[in-house]
Amino acid sequence: KLALAKTYRRQTIFSDTCPEHMAPAAGMAAIVSHPLQVICLQPRSQQLQDVMATGRIALSQFCLGAGVEFLHFNVYGWDGAHENQVAAARTDALFAAIKAECDRRRGTPIMISGDFNADTEDIATLQQMLDEEGWTDVGAQGHRWGARQDEATCWAPNSGLSGTRRDFIIAN
C-alpha cells in the first residue's frame, strides 16, 4: 500500500479493520494527490472513539489548499443493513456517533461518504439528519448539478438488475 502511494505521489491513511472477522474486512482508507493533504483526526466525542474500534468508520480532515478544509467521515455499514434490523441498528450507532462528533464541531464543513449497506430510511439517525438538520444526500439531489437524481451506485450480486443506492455522499 505504502509503496504504491509513494510511487504515485499520494498521501494515504488507513484505519483498523473490523475485529469481528477472521480475515481483514471493512477498514477505511483516504488518499490524496500531492499537494493536497489528508490528516487522521482524533475524535472529540467518546461515542465516536468507541465505534471507531469497529473498523467501520474513520475520521479525517482534507486540506485542499488556500485555507479550504473539511472533515470527512468514511463509513462502511454492516452487511445486510437494508434487510436486517440488527445490522441496521449497528449501522445507526455509527451515525449516532457521527452526530455526537458533529455536535462538537459546529460550523465545520463535513462530508460523510461510504457504503452504508442500507437505504437512508433504514438508518434512523441519518434520516433525522437529512430531514431535520439540513444535511444533503448529494446523490438524491443530482439534478441540481446536471446529474441524474437517485442514480444507482451498487450492482452487487444480491442487489438485482436495476441496482441500488447503498453508497452515499452526505454533506452539511
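Up top you'll find the structure we're talking about.
Summarised in this report is the structure supplied together with it. (Residues numbered from 1 in each chain as written. Predicted model: local features only at pLDDT ≥ 70, side-chain atom pairs only at ≥ 80, totals over all residues. Heavy atoms only, no water.)

**Observations regarding the sheet that holds strand β7 (residues 136–137)**
At step 1: Taken in spatial order, the 6 strands line up as β3-β4-β5-β6-β8-β7 in an open sheet, and their pairing is mixed. Strands with a single pairing partner mark the edges of an open sheet, and in this sheet they are β3 (37–40) and β7.
At step 2: Across 5 bridges, the pairing between strand β6 (residues 110–115) and strand β8 (residues 167–171) is antiparallel. The residue bridging I112 from the neighbouring strand is I170, located in β8.
At step 3: Of the strands in this sheet, β4 (57–65), β5 (68–76) and β6 touch helix α3 (residues 85–103), which is tilted by about 160 degrees from β5. (Pairing = 2+ DSSP bridges. Helix = DSSP H or I, 4+ residues; strand = E, 2+ residues; numbered from the N terminus. Contact = heavy atoms within 4.5 Å. Axes fitted to C-alpha atoms, helices over the stretch in contact; angles between N-to-C directions.)

**Quick notes on unusual backbone geometry**
At step 1: Positive phi, close to 55 degrees, is recorded for A66, a residue that is not glycine.
At step 2: Inspection of the secondary structure puts A66 in the loop between β4 and β5.
At step 3: In this structure, N117 is a non-glycine residue whose phi angle is positive, near 55 degrees.
At step 4: Along the polypeptide, N117 turns up in the loop between β6 and α4 (124–132).

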